[in-house]
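# Tertiary structure, described
Spelled out from the first residue to the last, the chains are:
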Amino acid sequence: SILVNIPGEPAAVVTCLDGYQMARQGRAGPALGIAAFGSLIGGTFGIVGLTFLVFPLAKVAVKFGSPEYFSLICVSVTLLIYLARGSFIKALIMALFGFLLSTVGLDLVTAVPRFDFGFPILYDGIGFVPLTMGLFGISEVLINIELPIERTIFESKIKNLLPNLQDWKRSIGPITRGSIIGFFLGILPGGGAIVSSFISYTVEKKVSKNPEIFGQGAIEGVAAPETANNAAAQSSFIPLLGLGIPPNVVLAFLLGALMIHGVTPGPLFISQHPEIFWGVVASMYVGNLMLLLLNLPLIGIWVKVLKIPYRVLMPLILLFCLIGAYSIGNNIGDGIIMIIFGIVGYILRKLDYEPAPLVLAFILGPMLENAFRQSLIMSDGSFSIFFVRPISVTALIISAFLFISTGFSYYRKVKEKIKE
């Protein structure tokens, strides 16, 4: 994400925004360093919270049904517009385009194919990996083809790789807030690392005295989401271990593995299987420590990647993207989709449309649709279910307020430009 602007996972999309710009400015080392330290701190915070708050917080999470989840995602979608450095309208268009792409494939409820245009490769929908590799990786190659071939990707010195005092001063607040945001959002079903990473980024952009620096290489934009996604990864175990409810697909696999061995997570999990609970907690501590030990000593090696000339690096990026897209499902169709979105990403970037809102809306789209349809099934088709539940209606009011205030702010800026 930081070195070549290709997110390795959905939660890393936000890290690309400022991490890659820091790398372009010759500060890849501090970006990687603060990402490693933030991940350690956020992960440790999540583990401590898991240890002491697993059952009290699990009871709170149970109150979030489909209507509350739908409303929470609406708030998240509204916040997407803050991720774009440019126009509010363009960010909104990209978010809507992302939602449209997320509907391709089999219907979530009826299993009827949608928007596949008769192509079997689209029955399972558009894959996240081909989409992001195309929008970020392939488009980056196409953009850089326009540059002189003699130019190297970055000029970066292999020194001062760790964050300095000024970097820590700017990052301590985002790391603290990211830990808290990630921890509490990780408890909610579907919240997890993805939602928490971009919400923490948005919060930092709103509380910053200089929000215009975000997207230009602000270290806060790396520290906050990296901390939040690790805190959320740990706290997502709370509903699993405390209630036996997996909040995401990964933990659903873990739940299945536990049940195969005759272990059922729930309120009596610690008393009946203390060795498993404390073994999981201990493994988390070891894993977070190893994350730091492996990352920091190897930062120098990763930064050296930046020295590779375009004529060598770009074909390698293209090759690895093709291999990565194909290897997910051993399907050449994924490679074709990646190339198509590479061209789309290139055109969008030339027209100053940011791809981040598109990708994040694409990720949240199935979650939003599923929660919406489940809510309507619960209420026999009545939309009142979203307005009679306190948590749901509060989230919708917040979403409406944010959308209207942002639209009004954009309108004033446009009006001022017209006057000038």
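Residues numbered from 1 in each chain as written. Predicted model: local features only at pLDDT ≥ 70, side-chain atom pairs only at ≥ 80, totals over all residues. Heavy atoms only, no water.

### Here's the deal with the overall build of the protein
- Along the backbone of the protein there are 16 helices and two strands.
- Relative to its full complement of 420 residues, the protein shows a buried share of 50%.
- Excluding contacts between residues fewer than 6 apart, the proportion of contacts in the protein whose partners are at least 24 apart in sequence is 79%.
- Per element, the accessible surface of the protein, about 19,800 Å² overall, is 70% carbon and sulfur. (Helix = DSSP H or I, 4+ residues; strand = E, 2+ residues; numbered from the N terminus. Buried < 20%, exposed > 50% of the residue type's maximum accessible area, 1.4 Å probe, protein only. Contact = heavy atoms within 4.5 Å. Areas by Shrake-Rupley, 256 points an atom, 1.4 Å probe, with all protein chains shown as cover.)

### Thoughts on unusual backbone geometry
- With phi around 65 degrees, alanine 111 is a residue other than glycine that occupies positive phi space.
- Topologically, alanine 111 is positioned in the loop between strand S1 (105-106) and strand S2 (113-114).
- Residue classification places alanine 111 among the partly exposed positions, given a relative accessible area of 48%.
- Of note in this structure, aspartate 380 is not a glycine but carries a positive phi near 60 degrees.
- Within the secondary structure layout, aspartate 380 lies in the loop between helix H15 (355-378) and helix H16 (390-419).

### Quick look at the nonpolar core
- Ile126, Leu131, Leu358 and Val359 are the most contacted members of the largest nonpolar core, which has 46 residues in total.
- Counting only elements with at least two residues in this core, the list comes to helix H1 (13-24), helix H3 (66-79), helix H4 (88-102), helix H5 (128-145), helix H6 (165-187), helix H7 (192-207), helix H14 (332-350) and H15.
- Sort the elements by how many residues they give to this core and H15 lands first, with eleven residues.
- By size, the runner-up hydrophobic cluster in this structure holds 17 residues, among which are Ile187, Leu240, Leu241 and Phe277. (Core = buried A, V, L, I, M, F, W, Y, C linked by side-chain atoms within 4.5 Å.)

### Description of the confidence of the model for the protein
- Residues at a pLDDT of 70 or more form 88% of the protein, whose mean pLDDT is 81.
- Mean pLDDT values over the elements of the protein span from 74, in helix H10 (residues 249-260), up to 90, in H14.
- Across residues 149-156, confidence stays below pLDDT 50; counting only partners more than four residues off in sequence or on other chains, it has 24 contacts. (pLDDT = per-residue confidence, 0-100.)

### Regarding a positive patch on the surface
- Among the surface-exposed residues, Lys206, Arg412, Lys413 and Lys417 lie close enough to one another that they form a single positively charged patch.
- The biggest single contributor to the positive patch is H16, with three residues.
- For lysine 417, the location among the structural elements is in helix H16. (Patch = residues over 30% accessible without salt bridge, like charges linked within 9 Å, V, L, I, M, F, W, Y side chains within 5 Å. Salt bridge = Lys/Arg side-chain N within 4 Å of Asp/Glu carboxyl O. Lys, Arg positive; Asp, Glu negative; His and termini not counted. Charge placed at Lys NZ, Arg CZ, Asp CG, Glu CD.)

### Quick look at H15
- Here H15 is 24 residues long and its end C-alpha atoms lie 35 Å apart, about the 34 Å a rise of 1.5 Å per residue gives.
- Bending of H15 peaks at approximately 40 degrees at the position of leucine 364, with proline proline 366 no more than four residues after it. (Expected span 1.5 Å × (residues − 1). Bend = angle between axes of the 7 residues up to and from the residue.)

### Here's the deal with the side chain of serine 71
- Structurally, the position occupied by serine 71 is in helix H3.
- Discounting residues that sit within four places of it in the chain, serine 71 has contacts with Ser392, Ala395 and Leu396.

### Some remarks on the packing of H5 against H14
- Between H5 and H14, the least distance of the axes is 6 Å, while the angle of their chain directions is 55 degrees. In terms of axis orientation, H5 runs oblique to H14. Crossing hand, H5 versus H14: right-handed. In this structure, H5 contributes Pro130, Leu131, Met133, Gly134, Leu135, Phe136, Ile138, Ser139, Glu140, Leu142 and Ile143 to the contact, and H14 contributes Asp334, Ile337, Met338, Phe341, Gly342, Ile343, Gly345, Tyr346, Arg349 and Lys350. (Axes fitted to C-alpha atoms, helices over the stretch in contact; angles between N-to-C directions. Parallel < 35°, antiparallel > 145°, perpendicular 65-115°, else oblique. Left-handed = near helix turned anticlockwise from the far one by under 90°.)

### Focus: a nonpolar patch on the surface
- A contiguous nonpolar surface patch, about 480 Å² in accessible area, is contributed by Leu318, Leu322, Ile339, Ile343, Ile347 and Leu351.
- Residue assignment for the nonpolar patch shows that the elements contributing at least two residues are helix H13 (310-329) and H14.
- The leading source of residues in the nonpolar patch is H14, at three residues.
- Relative to the assigned elements, isoleucine 343 resides in helix H14.

### Considerations on the packing of aromatic side chains
- For the structure on display, the rule yields ten aromatic pairs.
- Relative to phenylalanine 183, the ring of phenylalanine 45 lies with its centre 5.7 Å away and its plane at 85 degrees, an arrangement referred to as edge-to-face. Taken together, the residues phenylalanine 45 in helix H2 (residues 28-61) and phenylalanine 183 in helix H6 connect sequence positions 138 residues apart.
- A relative accessible area of 2% places phenylalanine 183 in the buried class.
- We note lysine 90 situated over the ring of tyrosine 353; from NZ or CZ to the ring centre the distance is 5.0 Å. (Phe/Tyr/Trp six-rings, centres within 6.5 Å; stacked < 30°, edge-to-face > 60°. Lys NZ or Arg CZ within 6 Å of the ring centre and 35° of its normal.)

### Quick notes on the side chain of glutamate 226
- By the secondary structure assignment, glutamate 226 is in helix H8 (residues 220-235).
- Despite its burial, glutamate 226 pairs with no opposite charge, the nearest such side chain being arginine 27 at 16 Å.
- Apart from residues lying up to four places away in sequence, glutamate 226 is in contact with Thr15, Ala35 and Ser39.

### Quick notes on the environment of threonine 132
- By the element assignment, threonine 132 lies in helix H5.
- Threonine 132 sits 209 residues away from phenylalanine 341 along the chain, and the two C-alpha atoms are 8.1 Å apart.
- In this structure, threonine 132 is in contact with Pro7, Gly137 and Val359, ignoring residues within four places of it in sequence.

### Focus on the pattern of salt bridges
- Per the counting criterion, the structure on display carries nine salt bridges.
- Arginine 114 is the partner of aspartate 107 in a salt bridge, and the nearest nitrogen-oxygen pair spans 3.3 Å. Comparing aspartate 107 with arginine 114, the two get one shared label, buried.
- Salt-bridge contacts for glutamate 140 lead to arginine 349; the nearest nitrogen and oxygen are separated by 3.0 Å. Residue glutamate 140 is found in helix H5, and its partner arginine 349 is found in helix H14; the two are separated by 209 residues along the sequence.
- By relative accessible area, which is 4% here, glutamate 140 ends up buried.
- A network of salt bridges, in which partner residues are shared, links Asp107, Arg114, Glu369 and Arg373.

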